Every structure is written in structure tokens, then in C-alpha cells.
Protein chains: 2
Amino acid sequence: MYVTHLQCPKCEERYESERLMQLCKCGSPLLVHYDLEKIVSGFTKDDLAGRQANLWRYLEFLPVRDPSNIVSFGEGMTPLLRLDNLSPEVSLANLYMKDESILPTGTFKDRGAAVGVTRAKELGVKVLIMPTNGNAGASWASYSAKAGIHAVIVMPEDAPSITRCEVAITGGSLFLVKGTISDAGKIVRRAVEKFGWFDASTLKEPYRIEGKKTIGLEIAEQLGWKPPDVIIYPTGGGVGLIGIHKAMRELRQIGWICGKLPRMVVVQSTGCAPIVRAWEQKKQESTPWENPHTLAYGITVPKALGDFLVLNAVYETAGCAVAVRDEEILVAHRILASREGRFVCPEGAATLAAVLKLAESGWIQPDEKVVLVNTGSGLKYPETVRAEPPTLMPGDDLPG
Amino acid sequence: MYVTHLQCPKCEERYESERLMQLCKCGSPLLVHYDLEKIVSGFTKDDLAGRQANLWRYLEFLPVRDPSNIVSFGEGMTPLLRLDNLSPEVSLANLYMKDESILPTGTFKDRGAAVGVTRAKELGVKVLIMPTNGNAGASWASYSAKAGIHAVIVMPEDAPSITRCEVAITGGSLFLVKGTISDAGKIVRRAVEKFGWFDASTLKEPYRIEGKKTIGLEIAEQLGWKPPDVIIYPTGGGVGLIGIHKAMRELRQIGWICGKLPRMVVVQSTGCAPIVRAWEQKKQESTPWENPHTLAYGITVPKALGDFLVLNAVYETAGCAVAVRDEEILVAHRILASREGRFVCPEGAATLAAVLKLAESGWIQPDEKVVLVNTGSGLKYPETVRAEPPTLMPGDDLPG
């Protein structure tokens, strides 16, 4: 393992990495640091060629001491699809979608769970707890079942109902709350204090980011180590964006990529856009969004713990932040399905809604290489599609 | 392309492959034949190493004239998971699950659709129609959308409801029927006669098998070209089983594998087990099952067009056929989720239910290498899981 230590990006306090850690004593999330020079003295990009097509191909960049601890369902190396049918319509010659719907529980949460649960198992965790908008809880409960860890999951009662099934059948303890993920978070915090369970809340442990980082590593490798100009990311807690940006920084540091880093674009819903608001006001942190509501349920996060890391990545790369309306999300949803054949989650559709705006405004140039991050499968959101087919009797004929 | 011709496995009539074909004039499905010697004179197993991790890595074994016609969402090379937590419990040291839930529309139907739609596009199809128990229709509608083909889908009103959404949003024409897939099939047949659309019904075009064949190619490659002793397959139309067996035969013919072919095991539900009944009676074909009903909806096929090919594969490999009760399927479903972390479809769970019987009876020996084929994701079957979590108010505490 090439991890050297954990470090706070705010107060710069260091911690050793073999201790089970949550937040820094200053309250900030901790980041994992590696001996990057040592990594690349041992191997090159070309060494990746023969490796398995999942996120564990990047083992050197991941926080695992003993590979026998790896908890895996074969997740990662998801397709980077060229949206060639859409390209002319949106006047973008190089439009891609990183399709995270093809992961074991149907969302990108599996990357954080695979690496997070692996490391939790390695450091001796027996019970973990987390608040969730549904998908992360379903994913962590699944990986925990394989790892022999008991998962306690608290989600808003409005979270996608399929995620209840996923937690229940994999044997996790499930609780609903009449409220938002922030309300669930408060219940979790009190339970952690009372019972001493491991707190797997977003960014309250350092390893979920490392799993999400592999989205960035994969995009870079799939594009022949020539990263895109723009990456568009639907932002709730923002871990994926932080992770992708961390990947690009690490890759540039070791010389596997060069030049400007991709401009990171935050997409939120106009019904819950705290980070967009902060960006518009040129702030370093967001303030809690009142009465959040959007059909893109996964990004209903009123105040993200890592907001300052998200905003920092946007500022550092000359990116931007865009809010889109639910109606725009639904239009984009249908376009992606009917033109490109992919039934994505509403959060993923939001990235196309944003790109339509950014291409029209000229913020994205027609020849720029643009990657949308579709964070999950439409299968988890049946209520976003209205299907009212006619019903026939066995003897009936089809209309022409 | 190495395809030489199409041939009827019943009357042996040959057809040329560049013509758009449906059934043989004798009413049997047609199979695709290749110049296998020519394929292997050109490349070896080792040449596969650097190829992309999807089913198109086996291009030489697939019926595509011009690779620019390929319609793909990056499907295939799904994980072959070792079920190590379960192994001791079922007294099988080498138990694997080929996890087809990690495909673009969440089921193994994507293999047949990717290859079938690709070839349909290549041969000029503009409109296709099919009866389906849901998942195949969802998959073919998705690939058709990408290919610019119009899909007309007819499914029983009891089919998994999410598949309605998938067809609707990808722009297919969807019809429900108060009846079984056989009733839907009759409606389709009349529509084909009336409108001249391409009939994409199971085995009524020759290319879906070729897509399914890649399950077998992948299993062989993933096990280092040492195929398993037993492959357990949940059987409705049976195309996957036919395809896997065809793969093994082709691989043996070119010398990439040797020795006995895997014993093919048909699993059906006691509520619809026409092929199990035929096997028990040592027949070559099945007779239609009356009043079919099982929660494993995908395998509710009263009479499969390719039953004789399925039975032939079972006889030829000294396999067997097993019927399992719905209650056994539900138990297996929960075991797979809670011990291995995978929320599978009921059809996939049926394979574990079968293996429990076969291991106990001694038909499978403890050290034999066994592969379960999980054909899809539990996400498409929310109604199979009962989740009744307690609901908390924001100020509540968790019970200990």
C-alpha cells in the first residue's frame, strides 16, 4: 500500500492511516495521501493493459493494505459512451457519457462502498451506520453483507422505494425518517455517540472519496490519458466531483496526464441549489437550502459537508455551477432514452440539461471534449416515466 | 466476418446469411455457422488479452459484416463472482455466479439485443416487433432506439412494470395483453403477416443466440479456458442455455477447450416446467404447460420454440432438469442477498435453489466447479421483497 497518511485539507493536521478515523478534530473531512513518486517508480500506464476491467486495476492508487480484504462485486471500468446520435443536435462534436448505471447496485455509489467497506473491514469495523438519500445506503448495505459487517441505514421516507428492498434483503437495519437527509444525519450522529458505531456518513470517513476517484482514473485511461475539457457532474454531497478532481491532480502530479485539468461543472436542481448559489456569490462554502425539493432525489442535499472542496475544484479549474429545472431534467431524460437508448437516473439526465444550456451560451465550445457523468440507472426511478399502454385481449389485433 | 451460412438443426436446409431470415421453411429456428478453422488460423486466445472488456472482444465469433454497424452500450464481460461465503454452507468448494445483472438494462437480454439489433440494422430492418415477458422487450427497445429502428413490443400485463417504463421512454410502441407470452406471440404473428415487420420473437431470427453465446465464451475465458463441470441456467425460452452450449461446442471444435463439455442444467419453476417434464419423460420436445404461474416471471414460458435444442444440450452433456417451488426461490433469493450481497432476479435465485437440491442429492460433487447464471437484477422485481421499516420523526432516537 502506498498510502502515507491522512490529512485535513482545512487545518492541515495529519493523522496516521492505520487508525480508524472519522473527521479531523477541526470538523473537516480528511483526505488520503499517497507516495505518488514511489507508485510510478514501480509501474507505468502500460502495465494497466493486462489488468482486470474493474476499479481494482488501480490498486496502487487505493487505500488497501492487504488485497485479500477486498470486497468486490466486479465494479468499475464502466463504459464511456459516445453520444453520437445527440452530438449534431447539441452541436458538440465530442460528447460522452460515463455510464455509472452499469454498476452492481445500479449507481456510482458502489465505487465508494467497495473501497469504503473494504477499508472498514480491514480496520476492524463490525457495525456501520449512515444517513442516505437511498442509493448509498443500498450500496453500503450490499457490500457490508458480503463483508460480514452489520449496516444500519437511515433514509428519508421519500427516498426511492427500491432502495428499501435492497437494504432489507441484504440484511441491513433500515429506518425511515419523515424529513430530509439532514434530519437522517442528525439521528445518525446521536446513534454514533450513543452506540459507538462506525459513522459511514458522506465524507465522515476518508475512503469513500478514494473509490469515487476511480471515475476520474477511468475517464483518463479510456480517453488515452488525454482528459476531457469539461466534466459535468450532478452534485448532491459532491464526493464524486471531489474524487474525479483528486484523480486528475494525482495523475498530473505523476505525469500521466498534462496540461489544464478538466473544467469541473456542478449541476444542481433549482429546487435545491446551495452550491450553485455559493458559486454565484463567489463564496467558499454554501449555506443550507431551505425547503429543498426536486425529482432528482439523489441530489437533494441542503448542505454538503464537502461543499468547500467542491467549490475549490470548480474555482481551481475555471469550471462553473448550473441549476436546472425539473422540467428540463425530464426533457433531457427522454432525449437520452429515445435518441441514445439509455434510461438514466434523473440526476444523470440533469447533466444533459446543463450541457444544453452551456453549449447554447457558448461556455462550452463545439469542438471541446465533454463528459457527462450519469450516476445511476433509471430502473431505480420508475415514477419518472409515464407509461400508459393500451391493453389488448388475446384475440385482438394490433392497430396499424 | 467468418459466418458461412445459416442452417436448420432439424431438416438441415441451408440459407445464405446476407438475406434477412426468420425461421426455416420447416418451422425450426436457424443456427449461424462459421468457418471456425479460418477464425483460429488468424488469431489465438492470447490475442484476446488486450481487447475491450465487453462481448465485442469476440468479434470473430459474431455475425457482423461491418463493425461500424455495431450497436453497443458497452455490454458484456460481466463478473464471474466466487460465492465464497456460501461455499461452505452448500458444501461446494467452487461455486460461482455469472452476474448478468450488470448489463445495460439490468438483464442478460442485452446480449441478444446488442447482437440481434446490430445484425438487424446491418440487414436493413426499419421496424421490428416482439412478444416478451418484459425484459427482452425493454432491452430490444433500448438498442433499437440507438440503432434508429422502431420497436413494437407486446407483453403480458403481469410483466414487471418497470419494463413498461423502459419501452415507453426509449420510444417503442408498447401493448399489453391480458394473457401469457404465448398470447402475445399470437398477436405478434398476426401483425407480422399484416404489416411485414421484422419478427424478433425468441429464436424467430438467428442472431439472438449468437449474442447469448458470449456468456459461454466469457465463462470459458474467465476460468482460464477450463470450463466448469456444471452450468445452472433458469430456463424460459432457453436461448441462453442453447447459446452457452453452442459456445462450448465451438470452443472445443477449435481446440481452445478440451475434455467433457459442462453438464447443462435446466431450472424451471414447478408452476411452469414444460422442459423439466419433457426431460423426465425422456422426450425430445415439450408440450405446452397449462395455467403457468410463478413469481420468476421471466421463465413463465409455456412452450418454447427451441425446447428441442435445450433438451438436446441437456442430453448431450449428461445434464439434468430441475423444478423448484416459488418458496424455495424466495429462500434462495434472501440467502444470496444476505450472505453474498447480491440482490438478484427471482430467475437467478432459482439457480441457487436448484443447486441446493443437486448438491444434497449428490448429483453435484463437492469439488466440482459450478456456475450459476444470474440472468438479471433484483432492481426489476421490487415486489419480491417485503420491506416494512419503522418510521422515525426528526427528533427521534434509534432503538439500541
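Description of the structure in this document. This structure is a prediction, so every number in the text was calculated from the model and none was measured.

## Thoughts on the overall build of chain A
Now for step 1: Helix and strand counts for chain A come out as 12 helices and 14 strands.
Now for step 2: The C-alpha radius of gyration of chain A comes to 21 Å, within 12% of the 21 Å expected for a compact globule of 400 residues.
Now for step 3: In terms of principal-axis extent, the alpha carbons of chain A reach across some 70 × 45 × 45 Å.
Now for step 4: Residues classed as buried in chain A amount to 58% of the 400 residues present.

## What to know about the environment of Cys8 of chain B
Now for step 1: For Cys8 of chain B, the location among the structural elements is in the loop between β1 (3–7) and β2 (14–15).
Now for step 2: For Cys8 of chain B and Val32 of chain B, which are 24 residues apart along the polypeptide, the C-alpha to C-alpha distance reads 9.0 Å.

## Let's talk about the interface of chain A and chain B
Now for step 1: Taken together, the contact between chain A and chain B spans 62 residues of the former and 62 residues of the latter.
Now for step 2: Going through the elements one at a time, α4 (135–147), α5 (162–169), β8 (173–177), α6 (181–195), α11 (326–340) and β14 (391–392) of chain A are the ones with two or more residues in the side of chain A that touches chain B.
Now for step 3: Within the side of chain A that touches chain B, the residues separate by chemical class into 33 nonpolar, 14 polar and 15 charged.
Now for step 4: Pairing of β8 of chain A with strand β14 (residues 391–392) of chain B involves two bridges; the strand directions are parallel. Paired with Val177 of chain A across the two strands is Leu392 of chain B, which belongs to β14 of chain B.

## Remarks on the packing of helix α7 (residues 208–222) of chain A against helix α8 (residues 239–253) of chain A
Residue and element names in this part refer to chain A.
Now for step 1: Running from amino to carboxyl end, α7 crosses α8 at an angle of 60°, the nearest separation of the two axes being 7 Å. When the interaxial angle is binned, α7 and α8 end up oblique. α7 and α8 meet at a crossing whose hand is right-handed. Here α7 contributes Arg208, Ile209, Lys212, Lys213, Ile215, Gly216, Leu217 and Ala220 to the contact with α8, which in turn contributes Val239, Gly240, Ile242, Gly243, Ile244, Lys246, Ala247, Met248 and Leu251.
Now for step 2: Residue composition of the contact of α7 with α8, by class: 10 nonpolar, three polar and four charged.

## Regarding the pairing of strand β6 (residues 127–131) of chain B
All names here are of chain B.
Now for step 1: Most of β6 sits inside the fold, with four of its five residues counted as buried.
Now for step 2: As defined by bridge partners, β6 adjoins strand β7 (residues 150–156) across five bridges and the pair is classed as parallel. Paired with Met130 across the strands is Ile153, a residue of β7.
Now for step 3: Taking the sense of rotation as the criterion, the β-α-β connection linking β6, helix α4 (residues 135–147) and β7 turns out right-handed.

## Quick look at the sheet that holds β8 of chain A
Now for step 1: Across the sheet, which stays open at both edges, the five strands sit in the order β9(A)-β6(A)-β7(A)-β8(A)-β14(B) with parallel pairing between neighbours. Lying at the two open borders of the sheet, with one neighbouring strand each, are β9 (198–199) of chain A together with β14 of chain B.
Now for step 2: Examined bridge by bridge, strand β6 (residues 127–131) of chain A and β9 of chain A share two bridges and lie parallel to one another. By the bridge assignment, Ile129 of chain A is partnered in β9 of chain A with Asp199 of chain A.

## Considerations on helix α6 (residues 181–195) of chain B
Now for step 1: The terminal C-alpha atoms of α6 of chain B, which comprises 15 residues, lie 20 Å apart, in line with the 21 Å expected from a rise of 1.5 Å per residue.
Now for step 2: Residues of α6 of chain B that are buried include every one of Ile181, Asp183, Ala184, Gly185, Ile187, Val188, Ala191 and Val192 of chain B, and no others.
Now for step 3: Those residues of α6 of chain B that are buried lie in contact with β14 of chain A together with β6, β7, β8 (173–177) and β9 (198–199) of chain B.
Now for step 4: One or two residues past the end of α6 of chain B sits Gly196 of chain B, with phi positive at roughly 75°.

## A short note on the sheet that holds strand β11 (residues 263–269) of chain B
Residues and elements named next belong to chain B.
Now for step 1: A sheet is described by the order of its strands in space; here six strands give the open sequence β4-β5-β13-β10-β11-β12, paired in mixed fashion. For this open sheet the edge positions go to β4 (80–82) and β12 (320–324), each flanked by a neighbour on one side alone. Neighbour to neighbour, the strand axes of the sheet diverge by 25° on average, direction disregarded.
Now for step 2: Sheet topology note: the β11/β12 ladder contains five bridges and is parallel. The partner of Val265 across the bridge, within β12, is Cys320.
Now for step 3: Packed on one face of the sheet, helix α8 (residues 239–253) meets β10 (230–234), β11 and β13 (369–374) and runs near 155° to β10.

## Looking at the relation of the copies chain A and chain B
Now for step 1: When chain A is fitted onto chain B, the two copies agree to an RMSD of 0.0 Å after a turn of 180° and an axial shift of 0.0 Å. Seen this way, the second copy is the image of the first under a two-fold rotation axis. Within chain A, the C-alpha atom positioned nearest to the axis of rotation is that of Ile102 of chain A, 2.8 Å from it.

## Digging into the pairing of strand β1 (residues 3–7) of chain A
Residues and elements named next belong to chain A.
Now for step 1: Strand direction decides the pairing type here: β1 and strand β3 (residues 31–34), joined by four bridges, are antiparallel. Bridging across to β3, Leu6 finds its partner in Val32.
Now for step 2: The pairing of β1 with strand β2 (residues 14–15) spans two bridges and is classified as antiparallel. From the neighbouring strand, Gln7 faces β2, where its bridge partner is Arg14.
Now for step 3: With antiparallel pairing between neighbouring strands as the criterion, β1 and β2 make up a hairpin whose turn holds six residues, including Glu12 at a positive phi of roughly 65°.

## Brief notes about unusual backbone geometry
Now for step 1: Phi is positive for Leu203 of chain A, close to 70°, though the residue is something other than glycine.
Now for step 2: In this structure, Leu203 of chain A sits in the loop between β9 and α7.
Now for step 3: Here Ser91 of chain B, not a glycine, exhibits a phi torsion of approximately 55°, which is positive.
Now for step 4: Its location among the elements puts Ser91 of chain B in the loop between α2 (87–90) and β5 (94–99).
Now for step 5: Judged by C-beta crowding, with 13 C-beta atoms within 10 Å, Ser91 of chain B ranks as partly exposed.

## Examining the nonpolar core
Now for step 1: Membership of the largest hydrophobic core comes to 266 residues, with the highest contact counts inside it found for Ile232, Val265 and Val266 of chain A together with Leu128, Ile232, Val265 and Val266 of chain B.
Now for step 2: Setting aside its immediate chain neighbours within four residues, Val266 of chain A contacts Tyr233, Thr235, Leu241, Ile275, Val276, Trp279, Val310, Val314 and Ala321 of chain A.

## Quick look at the packing of helix α3 (residues 109–122) of chain B against α4 of chain B
Residue and element names in this part refer to chain B.
Now for step 1: Across the interface, α3 lies against α4 with an axial gap of 9 Å and an inter-helix angle of 40°. When the axis of α3 is compared with that of α4, the two are oblique. As α3 runs across α4, the sense of the crossing is right-handed. Note on element contacts: α4 touches α3 through Asn135, Ala136, Ser139, Trp140, Tyr143, Ser144 and Ala147, opposite Lys109, Asp110, Ala113, Ala114, Val117 and Lys121.

## With respect to the environment of Arg119 of chain A
All names here are of chain A.
Now for step 1: By the secondary structure assignment, Arg119 is in helix α3 (residues 109–122).
Now for step 2: Along the backbone, Arg119 and Asp158 are 39 residues apart, and their C-alpha atoms lie at a distance of 30 Å.
Now for step 3: Those residues in contact with Arg119 that lie beyond four places of it in its chain are Pro63, Val64 and Tyr207.

## Considering α11 of chain A
All names here are of chain A.
Now for step 1: Over its 15 residues, α11 extends 21 Å from the first C-alpha to the last, a length consistent with the 21 Å expected when each residue adds 1.5 Å.
Now for step 2: Those residues of α11 not exposed but buried are Ile329, Ala332, His333, Leu336, Ala337 and Glu340. An end-on view of α11 places all buried positions within 130° of arc, on one side of the element.
Now for step 3: After α11 finishes, the residue Gly341 shows a positive phi value of roughly 75°.

Cut-offs used in this document
- Residues numbered from 1 in each chain as written.
- Chains lettered and ligands numbered in written order.
- Predicted model: local features only at pLDDT ≥ 70, side-chain atom pairs only at ≥ 80, totals over all residues.
- Helix = DSSP H or I, 4+ residues; strand = E, 2+ residues; numbered from the N terminus.
- Rg over C-alpha atoms; globule rule 2.2 N^0.38 Å.
- Buried ≥ 20, exposed ≤ 12 C-beta atoms within 10 Å, placed from the backbone.
- Contact = placed C-beta atoms within 7 Å.
- Nonpolar A, V, L, I, M, F, W, Y, C, P; charged D, E, K, R; others polar.
- Pairing = 2+ DSSP bridges.
- Axes fitted to C-alpha atoms, helices over the stretch in contact; angles between N-to-C directions.
- Parallel < 35°, antiparallel > 145°, perpendicular 65-115°, else oblique.
- Left-handed = near helix turned anticlockwise from the far one by under 90°.
- Right-handed = clockwise from strand over helix to strand, strands pointing away.
- Expected span 1.5 Å × (residues − 1).
- Least-squares fit on C-alpha atoms with pLDDT ≥ 70 in both.
- Core = buried A, V, L, I, M, F, W, Y, C linked by C-beta atoms within 7 Å.
- Arc of directions from axis to C-beta.

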